Amino acid sequence: MTATAPITQDVLTLPRKLPEGGLTNLVGLTRDQMRDAFLAAGTPEKQVKMRVGQVWQWVYYWGIRDFDQMSNLAKDYRALLAQNFVVELPQVVTRQVSGDGTRKYLVRIAGGHEVEVVYIPETDRGTLCISSQVGCTLTCSFCHTGTQKLVRNLTAAEIVGQVMLARDDLGEWPVKGQPKPEVRLISNVVLMGMGEPLYNFDNVRDAMRVVMDDEGIALGRRRITLSTSGVVPEIARTATEIGCLLAVSFHATTDEVRDRLVPINKKWNIAALLEALRDYPGLSNSERITFEYVMLDGVNDTKEDAHRLVELLRGIPAKVNLIPFNEWPGAPYKRSSGNRIHAFADIIHNAGYASPIRTPRGEDIMAACGQLKSATEKQRKSAAKGQANAV
Ligand code: SAH
Ligand code: SF4
């Protein structure tokens, strides 16, 4: 991993059709795609809208995957569905629960690849952190995921599936005859797991539309935050095509330092990024952009940095999330001291911007920000190391 590695976007995208068995997975299809799939399977044109509505509600409202349990569908229509479709989620390989209640799921997807999903419970809400790619093509020098080569983009099914499998594990699907709980266990979704979501835009967009759909999981658009390292040309589409909130991995106040930390800065520098953020459609005080800023000891954490950050933010409805660096084996940085982080936060706060310091969660299970990396990749590396040592 070097800061000079080229930034590329040559990634594989799987076809929607499952290769084995020829059955199409309904998960992750938009309503229009489901409609087309039902028509192609022989659903009469005049029934198709109703059928999509019914199946959608079973799958996304009730969490039902077995066509036989879809009791308002005629038996022969259930058979037709079963002959053509499956409702399939990625497989949970392991689930770790941290001392603080954070849950980390290692999830296996087609091709044997793995991604991580993290659930962070709080008193009155719960956030699910989902992945958009296996690995990442970008090589941010402080990020564990960035040390793992990109394997491929996740499909929309695999992105929606992460939300569904977490709801399974938390027991969050509604139960017929029982009142809806007032507080949702997964009240928020953040695209802050593995990968750069704006390098997998279409699948992320389709998946979020499914998750936001009112007749299903129904998460409001302001309950979803997409975090980008700064893929400038795709930023505006986040507002116009998804409508969710935006977070930006900012992390530095000069191009010289940002080039080193977030190498995509060499392609779109701070000025270009800020211009795209100023133009972000729908930006307002109630829908501010979150600037994520990882606190690295002696790298980006001085008072001068804080003052420069305030200057750069001028005119942008913003909030600054200060993230104490989460260490990982071999990481080239150290976390800034508590004093430094608080002094930095005070300067931002006094300039009129909210500047919460993020409490690291799930560190004991390596589930904190930037610590995610597929276990297979870790095992492969340590096996290779073991072999090298044995020679
Ligand atoms: N690729 C996207 C989303 C995933 S990263 C992006 O970069 O925005 C989610 C957040 O965690 C980003 O702000 C990232 O910069 C931050 N992060 C990465 N590694 C970290 C680490 N070791 N400690 C703290 N935060 C880290
Ligand atoms: Fe990729 Fe985001 Fe990690 Fe950078 S911080 S390497 S963009 S996952």
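The rules behind the values
Residues numbered from 1 in each chain as written. Chains lettered and ligands numbered in written order. Predicted model: local features only at pLDDT ≥ 70, side-chain atom pairs only at ≥ 80, totals over all residues. Heavy atoms only, no water. Near = heavy atom within 4 Å. Polar contact = N/O pair within 3.5 Å; in protein donor to acceptor, adjacent residues only side chain to side chain. Areas by Shrake-Rupley, 256 points an atom, 1.4 Å probe, with all protein chains shown as cover. Helix = DSSP H or I, 4+ residues; strand = E, 2+ residues; numbered from the N terminus. Axes fitted to C-alpha atoms, helices over the stretch in contact; angles between N-to-C directions. Left-handed = near helix turned anticlockwise from the far one by under 90°. Contact = heavy atoms within 4.5 Å. Nonpolar A, V, L, I, M, F, W, Y, C, P; charged D, E, K, R; others polar. 1 Å grid on protein atoms, 1.4 Å probe; cavity = no way out; pocket = protein on both sides within 12 Å on 5 of 7 lines; lining within 4 Å. Points joined across faces, edges and corners; volume = space filled by probe spheres on them.

*Asks:* Before we go on, may I ask you to explain the site of ligand 1 in this structure?
*Replies:* Close to ligand 1 lie 20 residues; Phe142, Gly195, Ser227, Ser249 and His251 are nearest. At 3.5 Å from an oxygen atom of ligand 1 is found a main-chain nitrogen or oxygen belonging to Thr228. In the model, an oxygen atom of ligand 1 is placed 2.6 Å from a nitrogen or oxygen of the His251 side chain. Burial of ligand 1 by the protein chains amounts to 96% of its free accessible area of 540 Å². If you list the elements that add at least two residues to the shell around ligand 1, you get strand E10 (224-228) and strand E12 (289-295).

*Asks:* I keep staring at the packing of helix H1 (residues 31-40) against helix H2 (residues 48-62) and nothing clicks. Help me out?
*Replies:* Angle between the axes and distance between the axes are the two parameters that describe a pair of packed helices. Packing of H1 against H2 leaves a shortest axis separation of 9 Å and a crossing angle of 120 degrees. For the crossing formed where H1 meets H2, the hand is right-handed. Judged by residue contacts, Arg31, Met34, Arg35, Phe38 and Leu39 of H1 engage Val48, Arg51, Val52, Gly53, Val55 and Trp56 from H2. Taken together, the residues that form the contact of H1 with H2 break down as 7 nonpolar, 1 polar and 3 charged.

*Asks:* So what exactly am I meant to see when it comes to the layout of surface pockets here?
*Replies:* To find leftover empty space, a probe the size of one water molecule is rolled over the atoms. Its boundaries defined by the atoms lining it, the largest pocket holds a volume of some 940 Å³. Lining of the largest pocket is provided by 34 residues; of these, Arg125, Thr127, Val190, Asn321 and Arg358 occupy positions nearest its centre. For the lining of the largest pocket, the elements supplying multiple residues, two or more each, are strand E5 (113-121), strand E6 (126-129), strand E9 (188-191), strand E11 (245-249) and strand E13 (318-324). Along the lines of polarity and charge, the residues of the lining of the largest pocket split into 16 nonpolar, 9 polar and 9 charged.

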